[in-house]
Amino acid sequence: MHTWQPALIPGLLQTSEYARAILASWRLDTDGDIEAKLAARIDRQAILDRGEPPDLCALLDESVLHRCIGSAEITAGQLEHLAQMARRPNVTIQLVPEEAAAYAGLSGAFWVAMAAGGQRAAHLETGVQGMTIIEPALVRDAARLFEMLRSDALPWTRSLELIAEAISRWTQLAAPVGAGQVTPVLTVASASKSARTRT
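For clarity, every value in this text was computed on a predicted model and none was experimentally measured.

Student: So what exactly am I meant to see when it comes to the side chain of Gln-5 here?
Tutor: Here Gln-5 is to be found in strand E1 (residues 2-5). The buried category is assigned to Gln-5, whose relative accessible area is 4%. In this view, Gln-5 contacts Pro-10, Leu-59, Leu-60, Asp-61, Val-64, Ala-109, Trp-111 and Glu-125; residues no more than four positions away in its chain are not counted.

Structural data, given as structure tokens:
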């Protein structure tokens, strides 16, 4: 599975608190609707925990690290979870840096994955409803766009460093006024030391 996300952490990698804050922003839903959607989203994450999980490659715009969702504490917790998931052997997370400025892909998030029956499909995310497309030419265009974005992305190790720096910033913002400096949960050194083996 390949996904490009210019604004948010992808649903498969979201914490329940982060996901709830996003879902609650759609003010037409009742509390019951929000909880039902949250439960469905968390249930879908089980695909990454099964015996033979699929490979997931997620490209994120660097600005995702700087967007406060819910609160500083929720955002810090989400980025800690992202860093932990990035160290799984089947999950790759890379950031497209702010220096890339204007580039293809800023218009919206999408996924490219193998559908049932071995057919490749693309899923386009919109503010109202996602759209799944199976037309070969459009799926090829989506896959080509993903590769273009990946060519602009930072290496995995540098992406982890930026995530660790963002965790430190959000953890400081979440700390009570007057509290001492908080050591980030994931440092660059610890990320490198516990990083998975890559070929």
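Student: Would you explain the pairing of E1 in this entry?
Tutor: It is a general feature of regular strands that their side chains alternate between the two faces of the sheet. Across four bridges, E1 lies against strand E2 (residues 56-61) in parallel orientation. For Thr-3, the partnering residue across the bridge sits in E2 and is Ala-58. Across three bridges, the pairing between E1 and strand E4 (residues 110-114) is antiparallel. When the sheet's bridge partners are listed, Trp-4 is paired in E4 with Phe-110.

Student: Looking at this structure, I do not really get the pairing of E2. What am I missing?
Tutor: Across the six residues that make up E2, a large majority, six, are buried. Burial of E2 is two-sided: the residues Leu-56, Ala-58 and Leu-60 facing one way and the residues Cys-57, Leu-59 and Asp-61 facing the other way are all buried. A crossover connection joins E2 to the parallel strand E3 (residues 91-96) through helix H3 (residues 72-86); in handedness this β-α-β unit is right-handed.

Scoring rules and cut-offs
- Residues numbered from 1 in each chain as written.
- Predicted model: local features only at pLDDT ≥ 70, side-chain atom pairs only at ≥ 80, totals over all residues.
- Heavy atoms only, no water.
- Helix = DSSP H or I, 4+ residues; strand = E, 2+ residues; numbered from the N terminus.
- Buried < 20%, exposed > 50% of the residue type's maximum accessible area, 1.4 Å probe, protein only.
- Contact = heavy atoms within 4.5 Å.
- Pairing = 2+ DSSP bridges.
- Right-handed = clockwise from strand over helix to strand, strands pointing away.

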